[in-house]
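# Residue-level structure breakdown
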Amino acid sequence: MFWDLRRIFRDLWATFQGMLVTLKYYFSPAETYQFPNERKPIPERFRGVLSFHPEICISCEMCVRVCPSDVISMEWARNEQTKKKDLLWYQIDFAKCNVCRLCEEVCPTKVKSIHHSNEFEILFDDRKDFLVKWGPTTEDTVTPGPKAQPWVRFMPEGRKTTVSPSIEKGAPVS
Ligand code: SF4
Ligand code: SF4
């Protein structure tokens, strides 16, 4: 009898403790955001879609070497006049990226040439669309060319990518 009463009291106490937690949140302000009109603040070190800046990249290939998932590929050529490397194209396979940030950490440029953006609302229509390539705008296709030309992101078949890092952390100030 005594042990039964003790068990009943213990269960009632546990229920009361649970109700206390419910009460605490019941009177707290609601944390509901009316997405997409309202947006939850994004943490400082949020890892969104990778963003790449060919105009800053020095073609050191450190991001290619450090990536554990073989996500990044690129090609460069030595410029005999400047003795520097000219980036020909740069490619990220978003399907394989595990969002580890190693490429951003290792990138040696002062403003990171590759970095995670705050963008998370992206849509890939097809499996092959995960392959995003940066290249010169020559004839609207990805063809090797001098870095001085404007660069854009392409998906396979020369289409422009839907990836649009609108809010970019560490993006160069123009
Ligand atoms: S975040 Fe990690 S997995 Fe993704 S490209 Fe960078 S190094 Fe590779
Ligand atoms: S580590 Fe940075 S600078 Fe070097 S190739 Fe990659 S993006 Fe370019």
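Structural notes, computed from the coordinates. (Residues numbered from 1 in each chain as written. Chains lettered and ligands numbered in written order. Predicted model: local features only at pLDDT ≥ 70, side-chain atom pairs only at ≥ 80, totals over all residues. Heavy atoms only, no water.)

## Quick look at the site of ligand 1
Defined as follows: For this description, a residue counts as near a given molecule or strand if any of its non-hydrogen atoms is within 4 Å of it. Polar here means any residue outside two lists: the nonpolar Ala, Val, Leu, Ile, Met, Phe, Trp, Tyr, Cys and Pro, and the charged Asp, Glu, Lys and Arg; Gly therefore counts as polar.
Around ligand 1 there are 13 residues in total, and Cys67, Cys97, Cys100, Arg101 and Cys103 lie nearest to it. Taken together, the residues of the shell around ligand 1 sort by class into 10 nonpolar, two polar and one charged.

## Looking at the nonpolar core
Here is the rule: Among buried residues, those of type Ala, Val, Leu, Ile, Met, Phe, Trp, Tyr and Cys that are joined through side-chain atoms within 4.5 Å constitute a nonpolar core. Here's how the labels work: a residue is buried when its accessible area is under 20% of the maximum for its type, exposed when over 50%, partly exposed in between, all with a 1.4 Å probe on protein chains only. Numbering of helices and strands runs from the N terminus, with a helix taken as a DSSP run of H or I at least four residues long and a strand as a DSSP run of E at least two residues long. Contact definition: two residues touch when any of their heavy atoms are within 4.5 Å.
Counting residues in hydrophobic clusters, the biggest one holds 19 residues, and the most contacted among them are Phe52, Ile72, Tyr90, Ile92, Phe94, Ile114 and Trp134. Counting only elements with at least two residues in this core, the list comes to strand S1 (50-52), strand S2 (72-78), strand S3 (85-93) and strand S5 (131-136). Residues in contact with Ile92, not counting those within four places in the same chain, are Leu50, Val71, Ile72, Ile114, Phe130, Leu131, Val132 and Trp134.

## Details of the site of ligand 2
In the neighbourhood of ligand 2, 14 residues make up the surrounding shell, with Cys57, Cys60, Glu61, Cys63 and Cys107 lying closest. When grouped by side-chain class, the residues that make up the shell around ligand 2 number 10 nonpolar, three polar and one charged.

## Section: the pattern of salt bridges
The cut-off we apply is this: Take a side-chain nitrogen of Lys or Arg and a carboxyl oxygen of Asp or Glu: if they are within 4 Å of each other, that pair is a salt bridge.
The final tally for this structure, using the stated rule, is five salt bridges. The shortest N-O distance in the salt bridge between Asp11 and Arg10 comes to 3.7 Å. Of the charged contacts, one joins Arg45 and Glu105 as a salt bridge, the two residues approaching to 3.4 Å between their closest N and O atoms. With Arg45 in the loop between helix H1 (2-26) and S1 and Glu105 in helix H3 (residues 102-106), the pair connects residues that are 60 residues apart, well separated along the chain. Overall, the relative accessible area of 57% leaves Arg45 in the exposed class.

## Structural notes on the packing of aromatic side chains
Here is the rule we go by: Only Phe, Tyr and Trp rings are paired, with Trp represented by its six-membered ring, and only when their centres lie within 6.5 Å; those with planes under 30 degrees apart are stacked, over 60 edge-to-face, the remainder tilted. Put simply, a charge is over a ring when the Lys NZ or the Arg CZ is close to the ring centre, within 6 Å, and near the line of the ring normal, within 35 degrees.
Counted according to the given criterion, the structure contains six aromatic pairs. Here the aromatic rings of Tyr26 and Phe27 are separated by 5.1 Å at their centres, their planes lie at 85°, and the arrangement is edge-to-face. Each of the two residues, Tyr26 as well as Phe27, counts as exposed. Each member of the aromatic cluster is reached from another via a ring pair, and the members are Phe52, Tyr90 and Trp134. Taking the ring centre of Trp76 as reference, the NZ or CZ of Lys85 above it sits at 4.4 Å.

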